[in-house]
Every structure is written in C-alpha cells, then in structure tokens.
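So you can see what is in the structure, the chains are spelled out below.
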Amino acid sequence: MKNIPRNYQEYQDIYKFSIEQPELFWQEIADDFKWQKKWDKVLDWNFNDPSVKWFTGAKLNITENCLDRHLADKGNQAAIIWEPNNPKEIHRTLTYKELYQKVCQFCHVLKNNGVNKGDRVCIYMPMVPELVIAILACARIGAVHSVIFGGFSSQSIADRIQDAGATHIITADGGYRGAKEIPLKFVIDDALVQCDTIKKVIVLNRTSTPVSMIKDRDVWWEEEVQKIEALGNPDFLAEQMDAEDLLFILYTSGSTGKPKGVVHTCGGYMVYTAYTFKNVMQYNFGEKFFCTADIGWITGHSYIIYGPLANGAISMMYEGVPNFPDAGRMWDIIDKYKIDILYTAPTAIRSLMAAGDKFLVGKDLSSLKKLGSVGEPINEEAWNWYNEKIGKGKCPIVDTWWQTETGGMMMSPIAGVTPAKPGYAMFPLPGIQPILVDEKGSEITGNSVSGNLCIKFPWPGMLRTTYGDHERCRLTYFSTYHNLYFTGDGCLRDADGYYRITGRVDDVLNVSGHRIGTAEVENAINRHTGVVESAIVGYPHEIKGQGIYAYVICHTPPIDSELMRQDILQTVSRIIGAVAKPDKVQFVSGLPKTRSGKIMRRILRKIAEGDITNLGDTSTLLDPTIVEEILKNHL
Ligand code: WTA
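Computed from a predicted structure; not experimentally measured.

Caption draft 1: Looking closely at the domain arrangement of the protein chain. In terms of domain boundaries, the protein chain breaks down into domain 1 (8–429) and domain 2 (508–633). The centre of domain 1, based on its C-alpha atoms, is set 34 Å off from the matching centre of domain 2. Counting from both sides, the interface comprises 23 residues of domain 1 and, opposite them, 22 residues of domain 2. The junction of domain 1 with domain 2 conceals about 1,700 Å² of combined surface from both sides, 50% of it contributed by carbon and sulfur atoms. When the shortest N-O distance is used, the salt bridge between Arg-515 and Glu-405 registers 2.9 Å. At the surface where domain 1 touches domain 2, the tally comes to twelve residue pairs in polar contact (both at pLDDT 80 or more). Elements represented by at least two residues in the side of domain 1 that touches domain 2 include exactly helix H7 (154–164) and helix H13 (346–355). Examining the composition of the side of domain 1 that touches domain 2, we find that four residues originate from one element, H13, more than from any other. Residue composition of the side of domain 1 that touches domain 2, grouped by class: five nonpolar, 15 polar and three charged.

Okay, structure coming up:
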C-alpha cells in the first residue's frame, strides 16, 4: 500500500502531500484495492448539504477485498482466530479460504430467506465467528447490516429495527459473557412484539438454551446451512456495489433522546479502514492483531473485521470479558496465541491495573510488539502501567482518537514512526485536517490553545448521513460551524503542537468507552410513573472514565429510597439496556433552573464531581435554595 510512512520525516512529507493533493493521495491508496470498475472522480463534496461522495462511479464489493483477493496467496493463513469465553472450550481458527466458503454459504442462506440487495438486516449476536460470517455475507449480497450491541434492551432493539425498517434479524439462542449467559433470542422476541417489518429471524445455536421458534418466521442457522451443504456449497458471486451504496448503519448516541443511525458506504469506508489499520499499526504480514472491542461498536466493525481483513491480516477475536475467569485472562490469550499487537480500551486497562499486578505473575507477554488504546481519554497512570507492565517499555503505544462517525482513526501516533506522549492523540493522520475553533466558530491558531475540534476537509471514512433523516446529520455535525464537521469533542494543542482530546463538549457521556446520551437516560427515567423530572450528568469514575449521576425529582419523596433507586435502574435497563444504568441516584425536590426553565447542568456537574468551591452566581436561578439542598445531600 502506498503512503505508509516509515519514519517521522516521511510522515511529515506524506502529511504535507495529503493536504496539498488530497485526491491524488487517496487515489494512490485506493489503487491498491480490487475494483470491479474504477471511479470517474475521486471526490465530490460540500459540507453545506452535506454531500460527500468518494470514488464516484466506482464499483466494488468490499468482501472481494476482504476475502477473494487473499485466496491465492493467503488461503491457508488464519483470517480469524477465535478464543471462547470459557477457557476450557476449544478455540477455532478460520483460514481465509474457510471464511470465504462460510460467507458464500451464508449468502445463499440469506437469499433463500428472502434477503435482497438494499434490505436492512439487524444483527444481534454474541462474539462468535458466525457474527463475522453474518456481517460479511450481508456485505457480499449488498444488504445493509445494522449490528446491535448485546447489552441493549428489547426496547432499544425495537427502536433501531423500526428506524432502519429492517426486514431480517440474525441472532442466537444466547451468548456467553464472563459468568453471564445472555438470552439473546428471548430479548429479540420481546422486541418483535412491536415490529411488523420483520419477515425472518435466523437463529444460531450457541448456548443450546431452549427458545421459542415462531412458525414461518424463525429458522435455525444450522438447518439453513445444511440445505446449502446438500447442494455442494456453491460459491456466491459478490453483488456489484456502487462505491456510495450503503454498507452499514450503526446506531450511536448524541445529545438528543434518540440514537441516530450513522451511515457508512462501501468504497470510502473500505479504503479508510484498511489504510488507517495498516498505517497506524504498521502492520506486517503474519502479525497477530488482537482488538478487544465488541463488534457491536464501531471499533469492532473497523478493526476486527474490515480493516484487518482488507489487509489479509490475522485478526484475533475474543468472546468474553477481560476479567473472566480472572484478571489475567487477556494476558493468557496473548501468551497462548503469541499476539503481536494489542488494541484495547482505557477502561479495560484501568480495571486490570486495579485488579493488581499479581495477575501478571507468570505471564510472558514477550510476543507483544505494539499497543493501542481507543474509545476515551487515557489517563497518565493507566498509560504508564500499560507501557511498563504490558509493553515492558519496548512497545510503542498508539492512542487513537476517532468516532463512530469518522469510520476509522483520525488522530494518533503511528506505531514506532511518530512520537507519542501519554494521553495525547498527537498528530492528525495523513489526509485529516483538524482545526480548533472558539464558540463562535473562529479558528484558533497557534500553540498552547484549546477549543472545539472540527475537521475541515472530507476523508473517505466519514459518515454520509444519518439513516432516514439527512437533516439531522446536517444539524448535528455541519451546522454548528460553517463549512466544518464538528466532532463534539474539546481539544488542546500544546506548546509543541501535539493534540490532546479533552472529552465531549456536548451532552454525551463516555462510560467505559460506551457512548451514552444524557437525554436518552433522562427520557428513560422520566418514564417511571413516580418520577416528575430528572437530570443526568457525568462525573469522573476511577475505572469507567465517567460515571452516570442522576438527579431525580419524584412526585412524593420516596418512602424507601433504596427501593425507588432499584426501580429506576430497572427502568433504565429495560428501556435502554444495562450499559446506561446510573451509578448514583440522588433524590431532589427541584433542579437548579434559570428563569426561562433551562436546567443549569454546569452546577449539577460540579456538584457531581465533588467540586463545590466555585458554583458561580446562583442568584439568577429560579430558586437558589435548591442548590443548597442538593449540596447537602450529594452522594
Ligand atoms: C471519545 C469510538 C480521547 C471521544 C472509536 C469521541 C476518545 C468518542 C478517544 C467517540 C481517544 C474516542 N482519546 N477520547 N483516543 N477515542 N474518544 O463513537 O469523545 O464510540 O468523540 O467511537 O469517544 O466514541 P465512539
């Protein structure tokens, strides 16, 4: 692949080239892929509509790039190595050839069950190789996949199915995560009570838990596959897709109550994830890459599946959680498979660090060459521990900043090529043009400055729209500042010109690396009959990065506040999912509001953070005494 720097000077040269001649820069990278027809034009864009099109007129299928083109020279090399939740269960390896065959097989299954190009298929599965097969089979027949994280409730699933107008679901009877068994099919059945667009549900047997199968709607994965095997497993010709056809929808939280379906398209997303993977990780053939994310989030899409597979890499996939059966599990996996590159989240690092170094005793870890971090700001202590205890001081660490909307990494050190500093995303990757702006949208130039982070030029992996509501995409990302993509993040550029992401500046929390909208949680709590109103803010949490603090007004003060708290947590679990449960619930008789009725979140945030020294002028509040009450009872 072209435009991969091997030293700092080369990075600077390539970066300069990518800014001066972006179209040529991306074209040189795109030339390396298998296109059924090449593009007429590299880029067409304006940030007003917004309308962004990459490689217009080009035809391709991303799975030909992830599978077919590796068959000749890497057919027998591992594509996916899968480690089960239970360390005693046997692991599985799928070579490129096997993965290709299984994807073709499942394409036939999808076709037999009425899935067509352009249909939306909702995937709610455990972290097993069949999840990768299901995703790639959708991409190969041109259906749009929408993966939903296993921690979301049936209500959340129903909302997403309806928003996407999905016609099919692929799920499993259940899934294993640590000591827990998740009843996936049961949750789906609940969700489907409210959804009438669904024609078929394909169910994989993972846990052999009894489930109810609905006549004419539900079919078993294994039985459907057997029908294809009986035909001698024919290949499946990849559907020809336009570069700008939809590849997938992934729902993510924003500042409003309703999650939005971020849309990625085939051509640009492929080029972008493949390039950033190869470049940032400085991936060499044969290296084993272990990304610990769940495929229900963007990191799993881009860096377990598409980026690595497009490069013919070996991608490690783990079904369970980092601390099961104990906090040494990740290190065992690394030693068992001799992993070369580990890409994980600060939350995982912090929780394994907190478990104590005794879990590192007897672990070798000498296979590791490079380390990565993603999803939230990493604190210096965790960075240093990661560096010393895991990387043994010899592995470069890449702190990669990016978002669901950006498709792939945007700012990051390049492993062993550009400098790194704890907690810093350092520099924009080639092709990325960051800009800091003040509240009014004026550019903040120079160093030792902070501002809101925007991007001023398109990149191939960026979102194209929010599904079914283009105006929402425009309003959320392109209307705050004229002609700029607004990330929602605050950012510092230090004296040396290094970038450091300081966190969200909107009402989005980042809890254990999961994006949670405060409005979503408030809406859920407010649906409890006993609740009048609520306000959610984040506060620093040692392990999770941010915790969720809920201020709740009840109709009458709860007689048993512990019971009411449990009840509220249940409500949030039911409506959104366990991921959004508040860590702290404080019952209050009112909220600090301005005379126009706006909740003063700044004050609530300060109290939640335990910083009560400078609450600012509270005299303009509708009822200043409420602040005293909240302060007195704060948790
Ligand atoms: C935050 C995850 C600091 C940021 C890939 C962003 C980070 C949000 C980093 C996107 C990082 C992600 N340093 N903050 N290295 N990476 N973030 O959509 O606030 O789940 O806007 O994508 O996570 O979260 P998302």
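That covers the picture; the talk isn't over yet.
Caption draft 2: View of the pattern of salt bridges. The full count for this structure, using the stated rule, is 39 salt bridges. With a closest N to O distance of 2.9 Å, Arg-601 and Glu-522 form a salt bridge. One end of the pair, Arg-601, is in helix H18 (residues 601–609); the other, Glu-522, is in helix H16 (residues 518–526), with 79 residues separating them in the sequence. Overall, Arg-601 belongs to the buried group, its relative accessible area being 18%. Residues joined by salt bridges that share partners form a network here, namely Lys-185, Asp-189, Arg-217 and Asp-218.

Caption draft 3: Region of the structure containing the nonpolar core. By size, the foremost hydrophobic cluster in this structure holds 199 residues, and its most contacted members are Phe-55, Phe-106 and Ile-170. For this core, the leading source of residues is helix H6 (residues 129–141), giving ten residues. Of the residues that make up this core, three or more belong to each of domain 1 (8–429) and domain 2 (508–633). Here Phe-106 is in contact with Ile-133, Ala-134, Ala-137, Ile-170, Ile-202, Trp-221 and Val-225, once residues within four sequence places are set aside.

Caption draft 4: Region of the structure containing the packing of helix H5 (residues 96–112) against helix H9 (residues 221–230). Closest axis-to-axis distance for the H5/H9 pair is 9 Å, and the angle between their directions is 105°. One element, H5, and the other, H9, form an angle in the roughly perpendicular class. Here Gln-105, Phe-106, His-108, Val-109 and Asn-112 of H5 lie close against H9, whose contacting residues are Trp-221, Glu-224, Val-225, Ile-228 and Glu-229. When its residues are assigned to classes, the contact of H5 with H9 shows five nonpolar, three polar and two charged.

Caption draft 5: View of the sheet that holds strand S21 (residues 434–437). The strand order S21-S22-S24-S25 describes an open sheet built from four strands, whose pairing is antiparallel. Single-partner strands in this sheet number two, and they are S21 and strand S25 (499–504). Within the sheet, the average angular offset between the axes of one strand and its neighbour, ignoring direction, is 45°. By the bridge criterion, five bridges tie strand S24 (residues 485–493) to S25 in an arrangement that is antiparallel. Note on S25: the bridge partner recorded for Gly-490 is Gly-503.

Caption draft 6: Inspection of the pairing of strand S6 (residues 120–124) at higher detail. In terms of burial, S6 is largely enclosed, as five of its five residues are buried. Relative to strand S7 (residues 144–147), S6 is paired through four bridges, and the arrangement is parallel. When the bridges of S7 are listed, Val-121 appears paired with His-145. Viewed along the sheet, the connection from S6 through H6 into S7 turns out right-handed. By the bridge criterion, four bridges tie S6 to strand S8 (residues 168–172) in an arrangement that is parallel. The residue of S8 that forms the bridge with Val-121 is His-168.

Cut-offs used in this document
- Residue positions are given per chain, counting from 1 as you read along its sequence in written order.
- For a predicted model such as this one, the threshold for reporting local features is a pLDDT of at least 70, and the threshold for listing and counting side-chain atom pairs is 80 or more; totals across whole chains, interfaces and linings nevertheless cover every residue.
- Only hydrogens and water are set aside when side-chain values are computed; all heavy atoms of the structure are taken into account.
- Note that the domain bounds reflect an automated or database-derived domain assignment.
- We call two residues in contact when some of their heavy atoms are within 4.5 Å.
- Here the quantity called buried area is the total loss of accessible area, with a 1.4 Å probe, experienced by two parts when brought into contact, counted for both.
- What counts as a salt bridge is simple: a side-chain nitrogen of Lys or Arg found within 4 Å of a carboxyl oxygen of Asp or Glu.
- Pairs of N or O atoms are called polar contacts if they sit within 3.5 Å, as long as, within protein, a hydrogen donor faces a hydrogen acceptor (for residues adjacent in sequence, only side-chain-to-side-chain pairs).
- Numbered from the N terminus, helices here are DSSP runs of H or I no shorter than four residues, and strands are runs of E no shorter than two.
- Each residue gets one label: Ala, Val, Leu, Ile, Met, Phe, Trp, Tyr, Cys and Pro are nonpolar, Asp, Glu, Lys and Arg are charged, and the others, such as Gly, are polar.
- Residue burial is assigned from relative accessible area. The probe radius is 1.4 Å, only protein chains are included, and a residue is buried under 20% of its type maximum, exposed over 50%, and partly exposed in between.
- As used here, the term nonpolar core means buried Ala, Val, Leu, Ile, Met, Phe, Trp, Tyr and Cys residues forming a set that is joined through side-chain atoms within 4.5 Å.
- Angles here are taken between N-to-C directions and fall from 0 to 180 degrees, while the axes themselves are lines fitted to C-alpha atoms, restricted in helices to the stretch in contact.
- For this classification, under 35 degrees means roughly parallel, over 145 means roughly antiparallel, 65 to 115 means roughly perpendicular, and everything else is oblique.
- Strand pairing requires that DSSP identify at least two bridges connecting the strands.
- Place the viewer so that the strands point away; then a crossover is right-handed whenever the path from the first strand over the helix to the second strand goes clockwise.

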